[in-house]
Amino acid sequence: MKLLENPFGIHEKALAVRNQRMELISANIANADTPLFRAKDLDFKKVLSNTNPSPMAATNTRHFETGELENMSAIVYRTPYNSSVDGNTVEINVEQAKYGEAATQYQATLQFLESRISGIRKSLRGE
Amino acid sequence: MLKNIFEIAGTALTAQTIRMNTTASNLANAGSVSPTEEEAFRAKRPVFRALVDQSDLNAGFNTLGGVKVKEVIDSTEPVRKVHDPGNPEAGEDGFVYLSNVNEVTEMVEMVAASRSFQNNVEVVTTARQLMMRTLEITKA
């Protein structure tokens, strides 16, 4: 039984990614009045495709580990529905909707983690 | 970390407060008069900039992504010149210079600043709820 080997699966990393997305959107909302600011978002699909492949083996001491999340390449600029005079692409209504969406997804991931934990608890108790 | 969201929204709350303060100052000085054109009160306007690079971290900000007030600039609108010899502030030619504050613009600025402030408060509220739920994960 591999019960306690990687007990949280992908959700542990997913929570970090969800959180990063919320950070990006909160930065968009914070900069809603900043001239020339470009709204950013996280492409979840890209993040996952960066995470999934097995990391390259570090066969030499001078090699860098590649197992970490490479989220920087997954950050994309949002295309605004309407243009603005000051070059700012933050549309506050869109950002609020996305923030709510991201918060819900964060809660969903939390829910998965919670059920994993309670599952492990139950099996350890042997009830 | 969720903590970063608090930091980011916090910078925005500070920036919007500064914006509201300048608006209050502008409205308070809307009626100010001066004897010369140079001394006349000019409407103040904060310039926002996103926190993007290392220099912002060196300047004491903990997280990138937020916003700061880069500078406060004077409005370039012309000041009004009124002939009012009875005014104690009048110059030798009997003219006084009024401020270039436009009350309507200031009211719009004020409402916009307070709405942006509210948006960021909402961000903090949501982040706080999620943080509390994350803390409760051990009780699952």
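Residues numbered from 1 in each chain as written. Chains lettered and ligands numbered in written order. Predicted model: local features only at pLDDT ≥ 70, side-chain atom pairs only at ≥ 80, totals over all residues. Heavy atoms only, no water.

Undergrad: An account of the packing of aromatic side chains is needed here, citing residue identities and associated values.
TA: To describe a pair of aromatic rings, one takes the distance between the centres and the angle between the planes. All names here are of chain B. What the rule picks out here adds up to zero aromatic pairs over all chains. Taking the ring centre of phenylalanine 41 as reference, the NZ or CZ of lysine 44 above it sits at 4.6 Å. The ring of phenylalanine 95 has lysine 81 sitting right over it, with the charged end atom 4.5 Å from the ring centre. (Phe/Tyr/Trp six-rings, centres within 6.5 Å; stacked < 30°, edge-to-face > 60°. Lys NZ or Arg CZ within 6 Å of the ring centre and 35° of its normal.)

Undergrad: How would you explain the side chain of B:Ser34 if you had to name every residue and give the values?
TA: Residue and element names in this part refer to chain B. Along the chain, the position of serine 34 falls in strand 1 (residues 33-34). Separated by 3.3 Å, the side chain of serine 34 and the backbone oxygen of glutamate 39 make a polar contact. Ignoring any residue separated from it by four or fewer positions in sequence, one finds serine 34 in contact with Glu39, Ala40, Phe41, Glu89, Val96 and Tyr97. (Helix = DSSP H or I, 4+ residues; strand = E, 2+ residues; numbered from the N terminus. Polar contact = N/O pair within 3.5 Å; in protein donor to acceptor, adjacent residues only side chain to side chain. Contact = heavy atoms within 4.5 Å.)

Undergrad: Describe the nonpolar core, naming the residues involved and giving the relevant values.
TA: A:Met22, A:Tyr99, A:Tyr106, B:Ile5, B:Val123 and B:Leu130 are the most contacted members of the largest nonpolar core, which totals 18 residues. At the level of elements, helix 1 (11-30) and helix 3 (92-125) of chain A together with helix 1 (2-28) and helix 3 (103-135) of chain B are the ones that each hand at least two residues to this core. A per-element tally of this core places helix 3 of chain A first, with seven residues. If we skip the residues at most four places from it in the chain, B:Val123 touches A:Ser26, A:Ile29, A:Tyr99, B:Ile5 and B:Ala9. Membership of the second largest hydrophobic core comes to seven residues, among which are A:Ala27, B:Ile8, B:Ala15 and B:Val67. (Core = buried A, V, L, I, M, F, W, Y, C linked by side-chain atoms within 4.5 Å. Buried < 20%, exposed > 50% of the residue type's maximum accessible area, 1.4 Å probe, protein only.)

Undergrad: Give a detailed account of the pairing of strand 5 (residues 95-98) of chain B, specifying residues and quantitative values.
TA: All names here are of chain B. By the bridge criterion, two bridges tie strand 1 to strand 5 in an arrangement that is antiparallel. Counterpart to valine 33 in the pairing with strand 5 is leucine 98. Here strand 4 (residues 81-83) pairs with strand 5 via three bridges, running antiparallel. Along strand 5, the bridge assignment pairs histidine 83 with phenylalanine 95. (Pairing = 2+ DSSP bridges.)

Undergrad: Explain the interface of chain B and chain A to me, and be specific about the residues and the numbers.
TA: Facing 27 residues of chain B, the contacting portion of chain A comprises 25 residues. Remark: the boundary between chain B and chain A carries two salt bridges. Across the pair B:Arg133 and A:Glu114 runs a salt bridge whose closest N-O atoms are separated by 3.4 Å. On inspection of chain B and its partner chain A, the count reaches 12 residue pairs in polar contact (both at pLDDT 80 or more). Among the secondary structure elements, those contributing two or more residues to the side of chain B that touches chain A are helix 1, strand 2 (44-50) and helix 3 of chain B. The element best represented in the side of chain B that touches chain A is helix 3 of chain B, accounting for nine residues. Here the side of chain B that touches chain A is composed, by residue class, of 13 nonpolar, 10 polar and four charged. (Salt bridge = Lys/Arg side-chain N within 4 Å of Asp/Glu carboxyl O. Nonpolar A, V, L, I, M, F, W, Y, C, P; charged D, E, K, R; others polar.)

Undergrad: Explain the packing of helix 1 of chain A against helix 3 of chain B to me, using residue names and the numbers behind them.
TA: Following both chains from N to C, one finds helix 1 of chain A and helix 3 of chain B inclined at 160°, their axes separated by 9 Å at the closest point. If you check the angle between helix 1 of chain A and helix 3 of chain B, you find them roughly antiparallel. Note that helix 1 of chain A runs across helix 3 of chain B; the crossing there is left-handed. Here A:Met22, A:Ser26, A:Ile29 and A:Ala30 of helix 1 of chain A come into contact with helix 3 of chain B, specifically with B:Asn119, B:Asn120, B:Val123 and B:Leu130. (Axes fitted to C-alpha atoms, helices over the stretch in contact; angles between N-to-C directions. Parallel < 35°, antiparallel > 145°, perpendicular 65-115°, else oblique. Left-handed = near helix turned anticlockwise from the far one by under 90°.)

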